[in-house]
Amino acid sequence: MKYLVIAEKPSVSKSIAKVIGAYRQEDGYLEGGDCVVSWCLGHLAEYAAPEDYDERYESWRFEDLPILPVEWKLLVHNTKKPQFNVLRKLLRSKKFDYVVNACDAGREGEAIFRRVYALSGSELPIKRLWISSMEDAAIQQGFENLKDGAAYDNLFAASECRAKADWLIGMNGTRAFTKKYGRKQTIGRVQTPTLAMLAERQAKIQNFVKEPYYKVELSGAGVVAASEQMTQEQDADTMQAACDGQCAVVGSIERKRVEKKPPKLYDLTTLQREANRYYGLTASQTLQVLQELYEEKLVTYPRTDSQFVTEDMRTTVESLVLALDGTAADVSCVINNSKVTDHHAILPTMQSAKCNKEKLSETKQKILSLIIWKLVQAVQPPFIYEDVLVTVCCQGRNFTAKYKDVLQPGYTAKPVPLVEPEKNKDASLPNDLEQGMVIPVVRAEKKQGFTSPPKVYTEDTLLSAMETAGNKEFEKDTEKKGLGTPATRAAILEKLVSSGYVQRKGKQMIPTEDGVAAIRNIPDYLKSASMTAEWENDLLRMERGEIKSHDFMQGIHGLIDKMLADLRQIPTVAAAPHHNKVSVGNCPVCGNPVHESKLSFCCADRSCKFALWKESRYLSNMRKTLDKKMAVDLLKKGRTHVKDFYSAKKDKTFAADLVMRVEEGRAQYSLEFPKTPMKMKT
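None of these values were measured; they are calculated from a predicted model. (Residues numbered from 1 in each chain as written. Predicted model: local features only at pLDDT ≥ 70, side-chain atom pairs only at ≥ 80, totals over all residues. Heavy atoms only, no water.)

Colleague: Just checking my understanding: could you explain the sheet that holds strand E24 (residues 652-663) for this structure?
Modeller: In a beta sheet, neighbouring strands pair by backbone hydrogen bonds and run either parallel or antiparallel. Strands sit in the order E23-E24-E25 across an open sheet of three strands; the sheet is antiparallel. Since the sheet does not close on itself, it has two edges, and those belong to strand E23 (639-647) and strand E25 (666-672), each with one partner. On average, each strand axis in the sheet is inclined to that of its neighbour by 40°, with strand direction left out of account. Summarising the sheet, E24 and E25 pair through seven bridges and their orientation is antiparallel. Each bridged residue has a counterpart across the sheet, and for leucine 658 the counterpart in E25 is leucine 671. (Pairing = 2+ DSSP bridges. Helix = DSSP H or I, 4+ residues; strand = E, 2+ residues; numbered from the N terminus. Axes fitted to C-alpha atoms, helices over the stretch in contact; angles between N-to-C directions.)

Colleague: Hey, could you run me through helix H13 (residues 459-468) in this one?
Modeller: Turn by turn, an α-helix covers 3.6 residues, leaving residues three or four places apart pointing in a common direction. Those residues of H13 that fall on the buried side of the exposure criterion are Glu459, Asp460, Leu462, Leu463, Ala465 and Met466. Glycine 470 sits one or two residues past H13 and shows a positive phi near 80°. (Buried < 20%, exposed > 50% of the residue type's maximum accessible area, 1.4 Å probe, protein only.)

Colleague: Sorry if this is basic, but what is going on with the nonpolar core here?
Modeller: Most often, soluble globular proteins keep nonpolar side chains buried together rather than apart. Ranked by internal contacts, the top residues of the largest apolar core, which has 102 residues, are Val5, Ile16, Ile20, Phe143, Ile367, Phe552 and Met563. Looking at this core element by element, the count peaks at 11 residues for helix H5 (residues 153-181). In contact with methionine 563, not counting residues within four places along its chain, are Asn172, Gly173, Ala176, Phe177, Tyr525 and Leu526. Grouped together as the second largest cluster of nonpolar side chains are 23 residues, Ala248, Phe399, Ala401 and Ile439 included. (Core = buried A, V, L, I, M, F, W, Y, C linked by side-chain atoms within 4.5 Å. Contact = heavy atoms within 4.5 Å.)

Colleague: How should the packing of aromatic side chains be read in this particular structure?
Modeller: Where two aromatic rings form a pair, the distance of their centres and the angle of their planes describe that pair. In the structure shown here, the tally under the stated rule is 16 aromatic pairs. Ring plane angle 0° and centroid distance 5.4 Å describe the contact between tyrosine 3 and tyrosine 98, whose orientation is recorded as stacked. Within this pair, whereas tyrosine 3 is found in strand E1 (residues 3-7), its partner tyrosine 98 is found in strand E7 (residues 98-102), the two being separated by 95 residues in sequence. By relative accessible area, tyrosine 3 is classed as buried at 10%. Consider the rings of tyrosine 53 and tryptophan 167, whose centres lie 6.1 Å apart with planes at 75°: the pair is edge-to-face. Highlighted residues: tyrosine 53 in the loop between strand E5 (45-47) and strand E6 (74-76) and tryptophan 167 in helix H5, separated in sequence by 114 residues. (Phe/Tyr/Trp six-rings, centres within 6.5 Å; stacked < 30°, edge-to-face > 60°.)

Colleague: Would you explain the pattern of salt bridges in this entry?
Modeller: When their charged atoms lie close together, side chains carrying opposite charge are able to pair. Under the counting rule described, the total for this entry stands at 49 salt bridges. The residue aspartate 64 makes a salt bridge to arginine 61 at a minimum N-O spacing of 3.0 Å. Overall, aspartate 64 belongs to the buried group, its relative accessible area being 12%. For aspartate 460, the salt bridge goes to arginine 273, with nearest N and O atoms at 2.7 Å. One end of the pair, aspartate 460, is in helix H13; the other, arginine 273, is in helix H8 (residues 268-279), and 187 residues separate them in sequence. (Salt bridge = Lys/Arg side-chain N within 4 Å of Asp/Glu carboxyl O.)

Colleague: Can you help me understand a negative patch on the surface in this one?
Modeller: Among the surface-exposed residues, Glu46, Asp52, Glu55, Glu58 and Glu664 lie close enough to one another that they form a single negatively charged patch. As for its position among the elements, glutamate 664 is in the loop between E24 and E25. Take glutamate 664: its relative accessible area is 36%, and that puts it in the partly exposed class. (Patch = residues over 30% accessible without salt bridge, like charges linked within 9 Å, V, L, I, M, F, W, Y side chains within 5 Å. Areas by Shrake-Rupley, 256 points an atom, 1.4 Å probe, with all protein chains shown as cover. Lys, Arg positive; Asp, Glu negative; His and termini not counted. Charge placed at Lys NZ, Arg CZ, Asp CG, Glu CD.)

Colleague: Whenever I open this one, unusual backbone geometry confuses me. Can you help?
Modeller: Across residues other than glycine, the phi torsion is negative in most instances, and most of the peptide bonds are trans. Cis geometry is found at the peptide bond from leucine 65 to proline 66, where omega equals 5°. Along the chain, proline 66 falls in the loop between E5 and E6. Despite not being glycine, glutamine 395 shows a phi value in the positive range, around 55°. Of note in this structure, leucine 418 is not a glycine but carries a positive phi near 60°. Summarising the element assignment, leucine 418 is placed in the loop between strand E14 (397-408) and strand E15 (438-439). On the basis of relative accessibility, which here comes to 56%, the residue leucine 418 falls in the exposed class.

Colleague: Explain the sheet that holds strand E20 (residues 593-596) to me, please; I cannot follow it from the model alone.
Modeller: Strand order in the open sheet formed by four strands is E19-E20-E21-E22, and the pairing between neighbours is antiparallel. The strands lining the two open edges of the sheet, one partner per strand, are strand E19 (583-586) and strand E22 (611-613). When strand polarity is set aside, the average angle formed by the axes of neighbouring strands in this sheet is 25°. Together, E19, E20, strand E21 (600-603) and E22 form the strand contacts of helix H19 (residues 628-637), whose direction differs from that of E19 by roughly 25°.

Colleague: Help me out: how do you make sense of helix H7 (residues 233-243) in this one?
Modeller: Those residues of H7 not exposed but buried are Ala236, Met239 and Cys243. Along the axis of H7, the buried positions cluster into a sector of 65°, meaning they face one direction only. Those residues of H7 that are exposed and aimed more than 90 degrees away from the buried face are Gln234 and Ala241. The secondary structure elements touched by the buried residues of H7 are strand E10 (212-220), strand E13 (383-394), E14 and strand E16 (443-450). Backbone geometry just downstream of H7 places glycine 245 in the positive-phi region, at approximately 85°. (Arc of directions from axis to C-beta.)

Colleague: Explain the packing of H8 against helix H9 (residues 283-295) to me, please; I cannot follow it from the model alone.
Modeller: Between two packed helices, the angle of one axis relative to the other and the distance separating the axes together describe the packing. Relative orientation of the contacting elements H8 and H9 amounts to 120°, with a least axis distance of 9 Å. Crossing angle aside, the handedness with which H8 passes H9 is right-handed. Between H8, through Leu268, Leu271, Gln272 and Ala275, and H9, the contact on the second element is made entirely by Ala283, Thr286, Leu287 and Leu290. Along the lines of polarity and charge, the residues of the contact of H8 with H9 split into six nonpolar, two polar and no charged. (Left-handed = near helix turned anticlockwise from the far one by under 90°. Nonpolar A, V, L, I, M, F, W, Y, C, P; charged D, E, K, R; others polar.)

Colleague: Help me understand the pairing of strand E3 (residues 29-32) in this model?
Modeller: Two faces make up the sheet, and in a regular strand the side chains alternate between them. The two faces of E3 match: Tyr29 and Glu31 on one face and Leu30 and Gly32 on the other face are all buried. Here strand E2 (residues 24-26) pairs with E3 via three bridges, running antiparallel. Paired with glutamine 25 across the two strands is leucine 30, which belongs to E3. Here E2 folds back onto E3, and the loop between the two strands holds two residues, one of which, glycine 28, carries a positive phi near 90°. Two elements, E3 and strand E4 (residues 35-39), share four bridges in a ladder whose sense is antiparallel.

Colleague: Help me understand the confidence of the model for the protein, please; the structure alone is not making it clear to me.
Modeller: Any region with low pLDDT has predicted coordinates that should not be read closely. Model confidence for the protein is summarised by a mean pLDDT of 90, while 95% of its residues fall at 70 or above. Between residues 677-682, whose pLDDT stays under 50, and residues either more than four places distant or in other chains, the model counts zero contacts. (pLDDT = per-residue confidence, 0-100.)

Structure follows, in structure tokens:
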């Protein structure tokens, strides 16, 4: 039987082709024996813009809303049409008995394949390759256990409902609030609640009023003990005067044994959080590097929400730990079949134990080292210690000192790779300290401190907040997945930055003035974390076949109807005029002037989508921000020469032309490398 295999990317296709024997390179595919392997180039087909349904939607008018497509249109980007044509021809070919969907094993991979399949008009039976590793053995085993494509119909339904909900809320909400309030306001199903959390935290920080507090510290015989905090300085002065130079007695020594289990293995969000905490990497950078490591067969599937492996992987995990750490370990603590759904936790592969890590880029070394470290750490003994609370009495007043006595370092003996080890802040109890012991003379000092405001969100803590958002409002047995999914949270954060609503300052994520202003006019139900988290749970239930897509979409339509009805009750605000702003060029979409703002170079027409963002995902990957000269060049010539782009793969800078094209009203970038003139021999 002859079969067709379609993967998500050329690199994955080559790995698969090598295993199943498709070695001959053709135009857009590989062939050999009884199989052909081709690829999708990521999302080949996406939902059409409103103006593709009706020309009147080219102009934004509140009275045209809601926009609710009856039959959804899928369009292929012009740049990807050649590869789509290759796939369409292959999918319509009569020489194949079936087609294998080998796109990434998750919602997005299912959608990428199914959309191309539908647009091609193919009638080939579908089989599904579902693997968590790109190692040859895993690919081979996957092909020996192909699933019926229909088994993933619910997964596809959930993926399409999520995409349609995002489109409907984004297109209708953005147009409605922009026209009603006279300024561009981007609305998103997950983006808006996330921005609301950031704005709420920022408001608490700005409105925080610090207040002083006081305490008295006693020191003597190697003991430093402190009083409770006092709001009145006079009380601290009285205590200090009464105790200074006096004797004290050790009133009690209380011990509490604590046993901390080793941490779980990595799911995607936890890895993104720790990569940000230890190395300052963004969630998007971590996911990109992780995907590359996966395609290079050094780690398992990245987009997972599980932190465990299954029982049938016991021997594999034991062999991994032995190869990576040189020790045998009991891996029972990382095995839990009930906690693994589509994919197990992120693991290093056996190939990673053999590879020369020095040949990897610095960032890849960091991510791979973290994954190896977490596996080795997760199978270590627990960390066991005693919390010791010492009470010291002086002049009828109690002071306390806290110590930690380590009984078994366990997993903490494994330091974080490529990070300076922290000094142990926990003091050990003095050896000669006993209950009833008299300290002849103590020194008493007054200490002043101030209450602290809430901390600014970092990408680490924001991802954590997104992961747990709305949990307290759910029933105990509800699956608690928070805002977005592990696979989509990074893209949401990048969109907030590129939209100009959030600014990165080091590891911090700070809402801009535009971001705070944008969230101010949005009703609570649109920025409710619990509602959006509940939708994510509905999508999970849809994957399991427990609810229908029609019911989910009815809820989305109802939300849009409520949003528009509420906005109709509000007077429309006139669009803010652009006074005394200097144009840096003309908008390639509508011809209006382009003005510089704090975060972008944007079209003067608020209804126009066009903007050149100073910080974007594309440029940040090359450690570059867009400056005024670059923007002027792009608007005038469609390209600008940059001398200092950065390549993480080669860990060095390079020169190239940044080329701009406009698709669906938005700027898209690519690089071109000018040819070096040949030197004539003399």
